[in-house]
Amino acid sequence: MTFGQGTMGAMTKIRITDADKVVTMDADRREITAADIVIEDGVIASVGSAVDGREYDDTIDARGCVVTPGLVNTHHHLFQTLTRAVPAGEDALLFDWLRALYPVWARMQPEDMFVSAQLGLAELALSGCTMSSDHLYIFPNGVRLEDTIDAAGTIGMRFHPTRGAMSVGESDGGLPPDSLVEKEPDIVEDFIRVVDAHHDASDGAMVRVGLAPCSPFSVSTDLMKEAAALAGDKQVMLHTHLAENDEDIAYSLENFGCRPGQYARDLGWTGEHVWHAHCVKLDAQEIGLFARTKTGVAHCPCSNCRLGSGIAPVREMRDAGVRVALGVDGSASNDSGHLLTEARQAMLLQRVKHGADAFAAREALEIATLGGATVLGRGNELGSIEPGKRADIAIWDVSGLEAAGAWDPVAALLLCGPLQVRDLLVEGRRVVSDGELTGVDARQVAQQARTRVERLMS
């Protein structure tokens, strides 16, 4: 199964019945008990009580379940799923970790990219994720963005791939090896090609494409400016890494004479069409800048912990009005892709930093759903369960051992567990049914991944 531009077909009428709790994430943040959801042609028609006497193409019994909007992942490097727990990088900080992994990634082939992306997206789907972005910034051995787009089609998730790039190698003072950088004219040419070929701006689109020079320490200032101008011309989004750790700040001060937030502002990298990954080290002025300009942030708590980067100022950003979402980051620095666990980690870290009353479970769930949809520019059609929104819905069985004894089933999604999603709908179509992927055989995906890893290790 594959998809391209336009919406994916769905059953005409679907009814989700008798949910213990529906977490709508609507403007009033309503939570409805013993509720039904009716879906018509991939769009939510009603929430609350279904119309009696109607016939449905599919009925999903949600007794014992909490129903939420689908989770949204706003930062990933799917190519890294084949390089989890690599010994050379297990205990390294960001820059040394990258140096350890670059030679492995340089050996990747198009089939590796496809299998790695398919594995990562399958893992995300089983964690309740209905939409994911991806940041692919290496293109060795004939790799193209299409390798990941094709993989997403087999899973059935909404996909926001970004065409990344690195152009400043070691010989020019950058971090990546020269073998992994590209010439900037070639990068810009491919920016244009992938947007023209795959970006779908229509409502309900399954694929949208963004532009994503990798980081301020791996591309030139000229490429950052050119990408910003091109994104404006093509009306697509911009993404990069920013202010990830202390090394990142030091590099910016030494090479650009300013902090990362000012660098982004000066190059046209702020606004509703821009979101930055990590932002662990933003200061108060940068937080204010992002709030004023409605610039988004992809918070990646597990990766930040794994690499020792620090605790991002999420409480401060949220209080200032910054748009915050969640990202699992690449599986080589997490090394998992479970988005509900990511929401739990975000909640726990803010409590460590600010106190037990600083970040509620429902706030973490909000940034994992509506927050992600908003940061990716799709809050008008996704991220909540209400009439008129697309039917991207996660159904969580809270009747089992993981949540047994819980008094609050919504908070239990984050405080208990970990939970896998029971059913997952994207555009009204089941991507996960009774805990199993519908588009691919999970065992076969895992076996293909093992085969590709053996080749990379050899």
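Going by the structure above, here's the rest.
Residues numbered from 1 in each chain as written. Predicted model: local features only at pLDDT ≥ 70, side-chain atom pairs only at ≥ 80, totals over all residues. Heavy atoms only, no water.

Draft legend 1. Region of the structure containing the nonpolar core. Core analysis: the biggest nonpolar cluster contains 121 residues, and Trp-97, Leu-98, Trp-105, Ile-138, Trp-269 and Leu-414 have the highest contact counts within it. Here the element with the most residues in this core is helix 2 (residues 110–126); it accounts for 9 residues. Setting aside its immediate chain neighbours within four residues, Ile-138 contacts Phe-79, Trp-105, Met-113, Val-143, Met-166 and Leu-180. Among the nonpolar cores identified, the runner-up in size contains 19 residues, and Ile-39, Ala-62, Cys-65 and Ile-393 belong to it. (Core = buried A, V, L, I, M, F, W, Y, C linked by side-chain atoms within 4.5 Å. Buried < 20%, exposed > 50% of the residue type's maximum accessible area, 1.4 Å probe, protein only. Helix = DSSP H or I, 4+ residues; strand = E, 2+ residues; numbered from the N terminus. Contact = heavy atoms within 4.5 Å.)

Draft legend 2. How the structure looks around empty space enclosed by the protein. Inspection of the entire model under this criterion finds 2 cavities of 30 Å³ or more. Forming the walls of the largest cavity are 18 residues, and the residues nearest its centre are Leu-94, Leu-98, Tyr-137, His-241 and Glu-244. Counting residues per element, the lining of the largest cavity draws most heavily on helix 1 (residues 94–105), at 4 residues. Looking at the lining of the largest cavity residue by residue, the class counts come to 9 nonpolar, 7 polar and 2 charged. Taken as a whole, the second largest cavity spans an internal volume of roughly 30 Å³. Lining the second largest cavity we find Pro-69, Gly-70, Val-72, Thr-130, Leu-382, Gly-383 and Asp-392. Among the residues forming the lining of the second largest cavity, the class breakdown is 3 nonpolar, 3 polar and 1 charged. (1 Å grid on protein atoms, 1.4 Å probe; cavity = no way out; pocket = protein on both sides within 12 Å on 5 of 7 lines; lining within 4 Å. Points joined across faces, edges and corners; volume = space filled by probe spheres on them. Nonpolar A, V, L, I, M, F, W, Y, C, P; charged D, E, K, R; others polar.)

Draft legend 3. Region of interest: the packing of helix 2 against helix 3 (residues 146–155). In contact at an axis separation of 8 Å, helix 2 and helix 3 are set at 40° when each is read in the N-to-C sense. Taken together, the axes of helix 2 and helix 3 lie oblique to each other. Like other packed secondary-structure pairs, helix 2 and helix 3 cross with a definite hand, here right-handed. From helix 2, Pro-110, Met-113, Phe-114, Ala-117, Gln-118, Leu-121, Ala-122 and Ala-125 reach across to helix 3, where they touch Asp-147, Thr-148, Asp-150, Ala-151, Ala-152, Thr-154 and Ile-155. Taken together, the residues of the contact of helix 2 with helix 3 break down into 10 nonpolar, 3 polar and 2 charged. (Axes fitted to C-alpha atoms, helices over the stretch in contact; angles between N-to-C directions. Parallel < 35°, antiparallel > 145°, perpendicular 65-115°, else oblique. Left-handed = near helix turned anticlockwise from the far one by under 90°.)

Draft legend 4. Main features of the side chain of Lys-21. Looking at the secondary structure, you find Lys-21 in strand 1 (residues 13–23). Of the side chains bearing the opposite charge, Glu-31 lies closest to the buried Lys-21, which forms no salt bridge; the N-O distance is 4.7 Å. (Lys, Arg positive; Asp, Glu negative; His and termini not counted. Salt bridge = Lys/Arg side-chain N within 4 Å of Asp/Glu carboxyl O.)

Draft legend 5. Looking closely at the packing of aromatic side chains. In this structure the tally under the stated criterion is 8 aromatic pairs. Between Tyr-251 and Phe-256, the ring centres sit 6.0 Å apart and the planes meet at 70°, which makes this aromatic pair edge-to-face. By relative accessible area, which is 16% here, Tyr-251 ends up buried. Look at Phe-256 and Tyr-263: their rings are 4.0 Å apart centre to centre, the planes differ by 15°, and that puts the pair in the stacked class. Under the relative-accessibility criterion, Tyr-263 is labelled buried at 6%. Linked through ring pairs, Phe-79, Trp-97, Tyr-102, Trp-105 and Tyr-137 together constitute an aromatic cluster. The cationic tip of Arg-163 hangs over the ring face of Phe-139; the distance from NZ or CZ to the ring centre is 3.9 Å. (Phe/Tyr/Trp six-rings, centres within 6.5 Å; stacked < 30°, edge-to-face > 60°. Lys NZ or Arg CZ within 6 Å of the ring centre and 35° of its normal.)

Draft legend 6. Examining the pattern of salt bridges more closely. Applying the stated criterion across every chain yields a total of 37 salt bridges. Between Arg-193 and Asp-190 there is a salt bridge, and its shortest N-O distance comes to 2.6 Å. Residue Arg-193 and its partner Asp-190 are both found in helix 4 (residues 184–198); the two are separated by 3 residues, about one turn of the helix. The class of Arg-193 is partly exposed, set by a relative accessible area of 27%. By relative accessible area, which is 15% here, Asp-190 ends up buried. Residue Arg-378 is joined to Glu-381 by a salt bridge in which the shortest nitrogen-to-oxygen separation is 2.8 Å. Each member of the pair, Arg-378 together with Glu-381, is buried.

Draft legend 7. Geometry of the side chain of His-239. Positionally, His-239 belongs in strand 10 (residues 238–242). Given a relative accessible area of 1%, His-239 falls into the buried group. Separated by 2.7 Å, the side chain of His-239 and the backbone oxygen of Trp-275 make a polar contact. Beyond its immediate stretch of four places on either side in the chain, His-239 contacts Thr-74, His-75, His-135, Thr-162, Leu-211, Ala-212, Pro-213, Trp-269, Trp-275, His-276 and Ala-277. (Polar contact = N/O pair within 3.5 Å; in protein donor to acceptor, adjacent residues only side chain to side chain.)

Draft legend 8. Quick peek at the layout of surface pockets. Roughly 380 Å³ of internal volume is contained in the largest pocket. Around the largest pocket, the lining is made up of 21 residues, and of these Gln-235, Val-236, Met-237, His-273 and Gly-377 lie nearest the centre. Of all the elements in the fold, those that place two or more residues in the lining of the largest pocket are strand 8 (158–165) and helix 5 (221–234). Residues that form the lining of the largest pocket fall into these classes: 8 nonpolar, 10 polar and 3 charged. As a volume, the second largest pocket reaches approximately 200 Å³. Taken together, Thr-81, Leu-82, Thr-83, Arg-84, Ala-85, Val-86, Pro-87, Val-104, Arg-107, Val-453, Leu-456 and Met-457 form the lining of the second largest pocket. Here the lining of the second largest pocket takes 3 residues from helix 15 (residues 442–457), the largest share from any one element. The residue inventory of the lining of the second largest pocket, partitioned by class, reads 8 nonpolar, 2 polar and 2 charged.

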